[in-house]
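# Residue-level structural notes
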Amino acid sequence: AGLAACHCNAGYEPPPGGGDDAACLECAPGMYKEGFGDTPCLPCPIYSDSPAHSGNVTACLCDMGYTGAITWPAGGTCTPCPANTYKDTVGSAVCSLCSDGAASGPASTSPDDCVCVAGYTPVA
């Protein structure tokens, strides 16, 4: 005798159209689903991403150029690095300052985005 009903695990959602014999589908990258049941996967908060089959909002990590912390169950936000800073990794790390005499725009993703301002010359 089989189980009366089967439900999708965390990180998986029912297929479109459902059906008792249809296999659950893993959440796509940038999506997550917490807990057991037949609810759909949800998108990560803006400016964050997650690997496939993520089972918790905490799998959503801030993109490069954005910082913040996504916690369970509150969620959270990722905000752009301010001007004159950059962040070249994903996650909750803080934004790094450009070196003296250099500036960058908001949400910069590389130290190469920091360019010399008037009166300064790049050091080779």
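Each helix and strand counted, the protein has 0 helices and 12 strands in total. Secondary structure elements in the protein, listed N-terminal to C-terminal, are β-β-β-β-β-β-β-β-β-β-β-β. Among the 124 residues that make up the protein, the fraction classed as buried is 29%.

For the coordinates displayed, the defined rule picks out 1 aromatic pair. Aromatic side chains tyrosine 47 and tyrosine 66 sit 4.2 Å apart centroid to centroid with 10° between the ring planes, which places their arrangement in the stacked category. Taken together, the residues span a long stretch of sequence, with tyrosine 47 in the loop between β4 (42-43) and β5 (48-49) and tyrosine 66 in strand β7 (residues 66-71) at a distance of 19 residues.

For the structure shown, the criterion picks out 6 disulfides. With its sulfur 2.0 Å from that of its partner, cysteine 27 forms a disulfide with cysteine 41. Handedness of the cysteine 27-cysteine 41 disulfide follows from its S-S torsion of about -85°: it is left-handed. Of this pair, cysteine 27 sits in the loop between β2 (25-26) and β3 (31-32) while cysteine 41 sits in the loop between β3 and β4, and the two are 14 residues apart along the sequence. A sulfur-sulfur separation of 2.0 Å characterises the disulfide bridge that pairs cysteine 81 with cysteine 95. Looking along the S-S bond of the cysteine 81-cysteine 95 disulfide, the torsion reads about -80°, which is the left-handed sense. One end of the pair, cysteine 81, is in the loop between β8 (75-80) and β9 (85-86); the other, cysteine 95, is in the loop between β9 and β10 (96-97), and 14 residues separate them in sequence. With a relative accessible area of 0%, cysteine 81 lands in the buried category.

For the protein, per-residue confidence averages 89 on the pLDDT scale, and 90% of positions sit at 70 or higher. Element-level pLDDT for the protein is lowest in β7, with a mean of 86, against a maximum mean of 98 in β9.

Note that serine 92 resides in the loop between β9 and β10. Along the chain, serine 92 and threonine 67 lie 25 residues apart, while their C-alpha atoms are 5.3 Å from each other. Once you skip the residues sitting within four places of it in the chain, serine 92 turns out to touch Thr67, Gly68 and Ala69.

Right, let's talk about the side chain of lysine 33 for a bit. Here lysine 33 is to be found in the loop between β3 and β4. Notably, lysine 33 is buried but unbridged: the nearest opposite-charge side chain belongs to aspartate 38, and the N-O separation is 5.8 Å. At 3.2 Å, the side chain of lysine 33 and the backbone oxygen of cysteine 8 are in polar contact. Reaching out from lysine 33, the side chain makes a polar contact with the backbone oxygen of glycine 37 at a distance of 2.7 Å. In contact with lysine 33, not counting residues within four places along its chain, are Cys8, Asn9, Ala10, Gly11, Tyr12, Cys27, Thr39, Pro40, Cys41, Ser54, Gly55 and Asn56.

Considering the arrangement of structural elements, one finds serine 50 in the loop between β5 and β6 (61-62). In this structure the side chain of serine 50 is engaged in a polar contact, spanning 3.0 Å, whose partner is the backbone oxygen of methionine 31. Here serine 50 is in contact with Pro29, Gly30, Met31, Cys44, Ala59 and Cys60, once residues within four sequence places are set aside.

Conventions and cut-offs
Residues numbered from 1 in each chain as written. Predicted model: local features only at pLDDT ≥ 70, side-chain atom pairs only at ≥ 80, totals over all residues. Heavy atoms only, no water. Helix = DSSP H or I, 4+ residues; strand = E, 2+ residues; numbered from the N terminus. Buried < 20%, exposed > 50% of the residue type's maximum accessible area, 1.4 Å probe, protein only. Phe/Tyr/Trp six-rings, centres within 6.5 Å; stacked < 30°, edge-to-face > 60°. Disulfide = S-S within 2.5 Å. pLDDT = per-residue confidence, 0-100. Contact = heavy atoms within 4.5 Å. Lys, Arg positive; Asp, Glu negative; His and termini not counted. Salt bridge = Lys/Arg side-chain N within 4 Å of Asp/Glu carboxyl O. Polar contact = N/O pair within 3.5 Å; in protein donor to acceptor, adjacent residues only side chain to side chain.

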